[in-house]
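# Observations on the model geometry
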Protein chains: 2
Amino acid sequence: MTDKKQGKIRVKSQEKILDAALDEFITHGYKGATVQSIADIAGLPKANVLYYFKNKENIYHAVLEQTLDMWDQGIGDIIYEDGPKRAIEKFVTSKVRMSFDHPKSSKIYAMEIIQGAQHLKEFARTYLRQWVREKAKVFQQWINEGRMANVDPVSLIFLIWSSTQHYADFETQILTIMNRADYEEEDAEHVIQFLTDFILRGLAIDE
Amino acid sequence: MTDKKQGKIRVKSQEKILDAALDEFITHGYKGATVQSIADIAGLPKANVLYYFKNKENIYHAVLEQTLDMWDQGIGDIIYEDGPKRAIEKFVTSKVRMSFDHPKSSKIYAMEIIQGAQHLKEFARTYLRQWVREKAKVFQQWINEGRMANVDPVSLIFLIWSSTQHYADFETQILTIMNRADYEEEDAEHVIQFLTDFILRGLAIDE
DNA sequence: AAACTACCTGTGCATTTGGTCAGGTAATAG
DNA sequence: CTATTACCTGACCAAATGCACAGGTAGTTT
């Protein structure tokens, strides 16, 4: 009861602000986003937004942090013990699900990278690079054991990333081409099916 | 000689402005870009920029148009007569080359789509949709003739788009991960090799 | 050389922006 | 009930922005 009642409003307001900011930053980029607009979307006075977050950059950092957390959390790992078939299935599935369930996260991330990754240089240099190296090693092991085709593991990782994230980042284009207003449940399943089949075949994995 | 000497300065200046604008729009988005900054990059006074292009939106439209022209021009077609193998090879090759040679074009295009395609809705609705339908039909024919695996042609097109454009849009991330400053000649060739091999295998095309 | 057109740009201005701040109210603790 | 803290916000401001415009210069045509 005494828990932390004090922070209740704080948490609620911050959530509203971050949600609003996510939309604003996606549609207008960092420089184009305005605190006033974020405040309007959140339904709060600008001064209140700046009461919780010292300045615009602060808001942006908070949004990015939230996004990276989600990335971290939602990404199925690639572990040796699973073997190539199961690992690919798990990874592709979780990436596609992420794209359909949280397209906004994928979008700001993509914008950040396209614009030069000013705010993510460090993340990419340390965390990401490490991650790719580790997973590439796992793929290489499977290749050495003759359990999958001999392809460049790093290129393979890029292919999986791009083909799965595409459904989040290019959502607008895909929907327009398919003449639809929104994704539906079955769409994600269809994409998962297509991509896993395709990639497994591309890697000559039957098992 | 009398050709059109009058327009010489005009053309030169406009080129400088559009080049500058491309950079500015990529790094700051439409709203975040400023005419002053474009002028600075182009090495011209702001008033001169606005002499050639009425206003900011005008500049942006010109940049987008230029980009779409390049897209149109640089994209190898997918034609039935080539057969699946040759067609995939040609298409993937030209898409990858575009990504490595003109990453900026791919980038503003990507930004536009991510931000909701406000300025490209019409293009996507008419031109793109048509293009995808036509090409999907060609793939379907090959499938019916048993010349490639029975996959959803539209998903296939998305996979090729995403996996090739990735090298342009996510250039920064890829370079950082590979701990490199720039792409080199051989990189494009390596990617072309990897993707064509992989996709042909994924489509069960040997021939 | 006169007339005409393309090219150029400093100055000005209304508007928008990020951010401060003083002066509050509500909630909680002692 | 009092003191302390968390929460809230209208009003303000300096800086930046998109853009109009007037008053030019350079080049071309006749």
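For clarity, every value in this text was computed on a predicted model and none was experimentally measured.

This next bit is on the packing of helix α1 (residues 8–32) of chain B against helix α4 (residues 56–74) of chain B. Residues and elements named next belong to chain B. Packing of α1 against α4 brings their axes to within 10 Å, and their N-to-C directions diverge by 105°. As far as their axial angle goes, α4 and α1 are roughly perpendicular. Here Ile17, Leu18, Ala21, Leu22, Phe25, Tyr30 and Lys31 of α1 come into contact with α4, specifically with Lys56, Glu57, Ile59, Tyr60, Ala62, Val63 and Gln66. Residues of the contact of α1 with α4, tallied by class, amount to 10 nonpolar, one polar and three charged.

All names here are of chain A. Those residues of helix α2 (residues 35–42) not exposed but buried are Val35, Ile38, Ala39 and Ala42. Mapping the buried residues of α2 onto a view down its axis gives an arc of 100°, with all of them on the same face. Packed against the buried residues of α2 are α1 (8–32), α3 (46–52) and α4 (56–74). Looking one or two places after α2, you find Gly43, whose phi comes out positive at around 75°.

As a further point, take the protein's contact with DNA strand D. Taken together, 17 residues are adjacent to DNA strand D, and Arg10(A), Tyr51(A), Tyr52(A), Lys46(B) and Lys56(B) come closest. Between DNA strand D and Val35(B), the relevant distance is 3.1 Å, taken from a phosphate oxygen to a main-chain nitrogen or oxygen of the residue. Between a base nitrogen of DNA strand D and a side-chain N or O atom of Lys46(B), the distance comes to 2.6 Å. Classifying every residue of the surface near DNA strand D gives eight nonpolar, four polar and five charged.

Next up on the list: the protein's contact with DNA strand C. Near DNA strand C there are 18 residues, and of these Lys46(A), Lys56(A), Arg10(B), Tyr51(B) and Tyr52(B) occur at the shortest range. At 3.4 Å from a phosphate oxygen of DNA strand C is found a side-chain nitrogen or oxygen belonging to Asn48(B). Counting only elements with at least two residues in the surface near DNA strand C, the list comes to α2 and α3 of chain A together with α1 and α3 (46–52) of chain B. Per-element accounting of the surface near DNA strand C gives the leading share, four residues, to α3(B). Its residues placed into classes, the surface near DNA strand C shows eight nonpolar, five polar and five charged.

Counting residues at the interface gives 53 residues for chain A, matched by 53 residues for chain B. Where chain A abuts chain B, roughly 4900 Å² becomes buried across the two surfaces, and 70% of that area is made up of carbon and sulfur atoms. For the interface between chain A and chain B, the tally reads zero salt bridges. Viewed at the interface, chain B and chain A are joined by 12 residue pairs in polar contact (both at pLDDT 80 or more). Here the side of chain A that touches chain B gets 11 residues from one element, more than from any other, and that element is helix α8 (residues 153–169) of chain A. Residues that form the side of chain A that touches chain B fall into these classes: 26 nonpolar, 18 polar and nine charged.

Oppositely charged side chains can form a pair if their charged atoms are brought close together. Residues and elements named next belong to chain A. Following the criterion strictly, the structure yields 24 salt bridges over all chains and no others. Between Arg86 and Glu89 there is a salt bridge, and its shortest N-O distance comes to 3.6 Å. A residue pair is termed a helical-turn pair when its members lie 3 or 4 positions apart in one helix, as Arg86 and Glu89 do in helix α5 (residues 83–101) at three residues. On the basis of relative accessible area, Arg86 is assigned to the partly exposed category, the value being 42%. A relative accessible area of 23% places Glu89 in the partly exposed class. Ionic pairing is found between Arg97 and Glu189, a salt bridge with its closest N-O pair at 2.7 Å. One end of the pair, Arg97, is in helix α5; the other, Glu189, is in helix α10 (residues 185–202), and 92 residues separate them in sequence. Judged by relative accessible area, Arg97 falls into the partly exposed class, the value being 36%. Overlapping salt bridges, with partners in common, bring together Asp77, Glu134 and Lys135 in one network.

Residue and element names in this part refer to chain A. If you check the domain split of chain A, you get domain 1 (5–65) and domain 2 (75–202). With centres defined by C-alpha atoms, the gap from domain 1 to domain 2 works out at 29 Å. Approximately 850 Å² of surface area, both sides summed, lies buried where domain 1 meets domain 2, with 72% of it carried by carbon and sulfur atoms. Three residues stand out in domain 1 for area buried against domain 2, namely Ile26, Tyr60 and Leu64, and they jointly supply 54% of the buried area on that side. Viewed at the interface, domain 2 and domain 1 are joined by one salt bridge.

With that out of the way, let us pick up the side chain of His166(A). As for its position among the elements, His166(A) is in helix α8. Taking the relative accessible area as the measure of exposure, His166(A) reaches 3% and is therefore buried. When sequence neighbours within four positions are dropped, the list of residues in contact with His166(A) reads Glu171(A), Ile174(A), Phe158(B) and Ser162(B).

The two copies are related by a screw motion: chain A maps onto chain B through a turn of 180° and a shift of 0.0 Å along the axis, at an RMSD of 0.1 Å. In short, the pair behaves as if placed about a two-fold rotation axis. An overlap of 100% is found between the interface residues of chain A and their copies at the interface of chain B, pointing to a shared contact surface.

Calculation rules
Residues numbered from 1 in each chain as written. Chains lettered and ligands numbered in written order. Predicted model: local features only at pLDDT ≥ 70, side-chain atom pairs only at ≥ 80, totals over all residues. Heavy atoms only, no water. Axes fitted to C-alpha atoms, helices over the stretch in contact; angles between N-to-C directions. Helix = DSSP H or I, 4+ residues; strand = E, 2+ residues; numbered from the N terminus. Parallel < 35°, antiparallel > 145°, perpendicular 65-115°, else oblique. Contact = heavy atoms within 4.5 Å. Nonpolar A, V, L, I, M, F, W, Y, C, P; charged D, E, K, R; others polar. Buried < 20%, exposed > 50% of the residue type's maximum accessible area, 1.4 Å probe, protein only. Arc of directions from axis to C-beta. Near = heavy atom within 4 Å. Polar contact = N/O pair within 3.5 Å; in protein donor to acceptor, adjacent residues only side chain to side chain. Buried area = accessible area lost by both parts, 1.4 Å probe. Salt bridge = Lys/Arg side-chain N within 4 Å of Asp/Glu carboxyl O. Domains from an automatic or database assignment. Least-squares fit on C-alpha atoms with pLDDT ≥ 70 in both.

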